[in-house]
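Chains, contacts and geometry: an overview
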Amino acid sequence: MARVLEEAGIPTVQVMMFEEMGKKVRPPRVLHVRFPFGRPFGEPGNVAQQRVILEDALRVLETAREPGMVVAAPYRWRREDYGAILARRASTPARSA
Amino acid sequence: MAIDIRDLLRSPRGVAFSKIGYLRSLPEEQVVEFLNGLFRLALESRESGDWEAVVAHIEQWEAAAVAALGARMQAPPVDAVPWAPWERPLGSATVALITTGGVHLTDQTPFNFQAEEGDWSYRELPCDLRQEDVRVAHSGYDISGPQQDFNCVLPLHRLLELERAGRIGHAAGVHYSFMGRIPTKWAEIQTAAREVAERLLAAGVHAAVIGST
């Protein structure tokens, strides 16, 4: 589906948990998260986590240079402090990759 | 997360760890290894009161089982990866979200998740979507996530926050949901995706974030 949208001229980024399928299907831009299936953006109610993943997906959209690139998100499912990640981002004036 | 063992036995696909059913993709000796590990960890966890190790064990084996399944899955013939270059500042872009999680409004026809060949229709979701208006019709993953909070699969509230913060130009007025089970009807998938692409372009959307399930 990402490929069809891309062909129509709409840049896409796909958040995937199933790396094997990503390698087979090759969407144009992929953010790979090591989360349980069915929760690509994070846990229900976990606002900070969802925000971090969405921001990362948009970052991949902005910075990907190679079609088919898969960016692996480094986060752990439950033990990551997503609030701290957002706080760090808010205090960094220049965004780095 | 509390799991009632009766729910697990009755409808294993409707609760957490529903992918554990894919252990059937693995050879028997690996299933035995999973069960032995699970039993051992459960005994340890009962002593310590910390069930993290059990959760991690199940999640690891879920992933391994799904990987084995994935190795056998069909995919359409793939050559060059299509590419629409990203050229505008995010702060002036209109962004739409797409989910394959079977999300629909209460007054929309549910996806037919039991159809043998899948259901590749799509639903339009408004940007002022509320949790109470959402239903989830899908049998291929643990739907309890979006049933509690649709942002797990379609982070619309987060997108609107980014709009308010000026990080993106606009959240699109309309977002899209598919029900991504049985992805083998390539022609139907292509047709549906092309229709959605046309609607997105007509609505002035500059980019789409797709969440897999």
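If you're wondering where the values come from, they're calculated on a predicted model, not measured in any experiment.

**Points about the overall build of chain B**
Check the secondary structure of chain B and you find 6 helices and 7 strands. The buried share of chain B, reckoned over its 213 residues, is 34%. For chain B, the share of sequence-separated contacts (at least 6 apart) that also reach a separation of at least 24 residues comes to 73%.

**A short note on the overall build of chain A**
Secondary structure assignment for chain A yields 4 helices and 3 strands. Reading the secondary structure of chain A in the N-to-C direction produces α-β-α-β-α-β-α. Judged by the C-alpha coordinates and their principal axes, chain A covers about 35 × 30 × 20 Å. Here chain A, with 97 residues, has 43% of them falling under the buried criterion.

**Side note on the packing of helix α3 (residues 47-63) of chain A against helix α5 (residues 156-164) of chain B**
At a minimum axis distance of 9 Å, the contact between α3 of chain A and α5 of chain B shows a crossing angle of 70°. Taken together, the axes of α3 of chain A and α5 of chain B are roughly perpendicular relative to one another. As α3 of chain A packs across α5 of chain B, the resulting crossing turns out to be right-handed. Where α3 of chain A abuts α5 of chain B, its residues Gln50, Arg51 and Leu54 of chain A lie against Arg158, Leu159 and Glu161 of chain B. Here the residues of the contact of α3 of chain A with α5 of chain B are counted per class, giving 2 nonpolar, 1 polar and 3 charged.

**A look at the packing of α3 of chain A against helix α4 (residues 82-91) of chain A**
All names here are of chain A. Following both chains from N to C, one finds α3 and α4 inclined at 50°, their axes separated by 8 Å at the closest point. Considered as vectors, α3 and α4 are oriented oblique to each other. In the packing of α3 onto α4, the handedness of the crossing is left-handed. The segment α3 lies against α4, with Ala48, Gln49, Arg51 and Val52 engaging Tyr82, Gly83, Ile85 and Leu86.

**Topic: the interface of chain A and chain B**
Many analyses report the size of an interface as the accessible area lost when the parts associate. Facing 43 residues of chain A, the contacting portion of chain B comprises 43 residues. Those elements giving two or more residues to the side of chain A that touches chain B turn out to be α1 (2-7), β1 (12-16), α2 (19-25) and α3 of chain A. No other element matches the 7 residues that α3 of chain A contributes to the side of chain A that touches chain B. Of the residues assigned to the side of chain A that touches chain B, the class counts are 25 nonpolar, 8 polar and 10 charged.

**A short note on the pairing of strand β3 (residues 69-72) of chain A**
Of the strand pairs in this sheet, strand β2 (residues 29-32) of chain A and β3 of chain A are connected by 4 bridges, and their pairing is parallel. For leucine 31 of chain A, the partnering residue across the bridge sits in β3 of chain A and is valine 71 of chain A.

**Some details on the nonpolar core**
Ranked by internal contacts, the top residues of the largest apolar core, which has 65 residues, are Val15, Ala57 and Leu61 of chain A together with Val95, Ala96, Ala208 and Val209 of chain B. In terms of residue count, the dominant contributor to this core is α3 of chain A (7 residues). Two domains each provide a minimum of three residues to this core, namely domain 1 (5-72) and domain 2 (90-211) of chain B. Non-local contacts of alanine 57 of chain A, meaning those with residues more than four positions away in its chain, are made with Val13, Val15 and Leu31 of chain A together with Val209 of chain B.

**Some thoughts on unusual backbone geometry**
Most peptide bonds adopt trans geometry, and most residues besides glycine take a negative phi value. Residue and element names in this part refer to chain A. Positive phi, normally seen in glycine, also occurs at arginine 26, with a value near 55°. Mapping arginine 26 onto the fold places it in the loop between α2 and β2. Under the C-beta neighbour-count criterion, arginine 26 is labelled buried, with 20 such atoms within 10 Å.

What counts, and where the lines are drawn
- Per chain, residues are indexed from 1 in the order of the written sequence.
- Working convention: letters from A go to chains and numbers from 1 go to ligands, in the order in which they are written.
- Reporting in this predicted model follows two pLDDT cut-offs: at least 70 for local features of residues, and 80 or more for side-chain atom pairs to be given and counted; totals over whole chains, interfaces and linings ignore these cut-offs and use all residues.
- Helix and strand labels come from DSSP, where a helix needs a run of H or I of at least four residues and a strand needs a run of E of at least two; each type is numbered from the N terminus.
- Note on burial: count the other C-beta atoms lying within 10 Å of the residue's C-beta; 20 or more is buried, 12 or fewer is exposed, in between is partly exposed, and C-beta positions come from the backbone.
- Once C-beta atoms have been placed from the backbone, residue pairs whose C-beta atoms lie within 7 Å are recorded as contacts.
- All axes are obtained by fitting lines to C-alpha atoms, using only the stretch in contact for helices, and the reported angles, taken between N-to-C directions, cover 0 to 180 degrees.
- Oblique is the label for any angle not under 35 degrees, not over 145, and not in the 65 to 115 range, which are roughly parallel, roughly antiparallel and roughly perpendicular in turn.
- Two helices cross in a left-handed way if the nearer one is turned anticlockwise from the farther one by less than a right angle. They cross in a right-handed way if the turn is clockwise.
- Any residue outside Ala, Val, Leu, Ile, Met, Phe, Trp, Tyr, Cys, Pro, Asp, Glu, Lys and Arg is labelled polar, Gly included; the first ten of those are nonpolar and the last four are charged.
- Strand pairing is defined by DSSP finding a minimum of two bridges between the two strands.
- Connectivity within a nonpolar core runs through C-beta atoms within 7 Å, and the core itself is a set of buried Ala, Val, Leu, Ile, Met, Phe, Trp, Tyr and Cys residues.
- Boundaries of every domain are those given by an automatic assignment or by a domain database.

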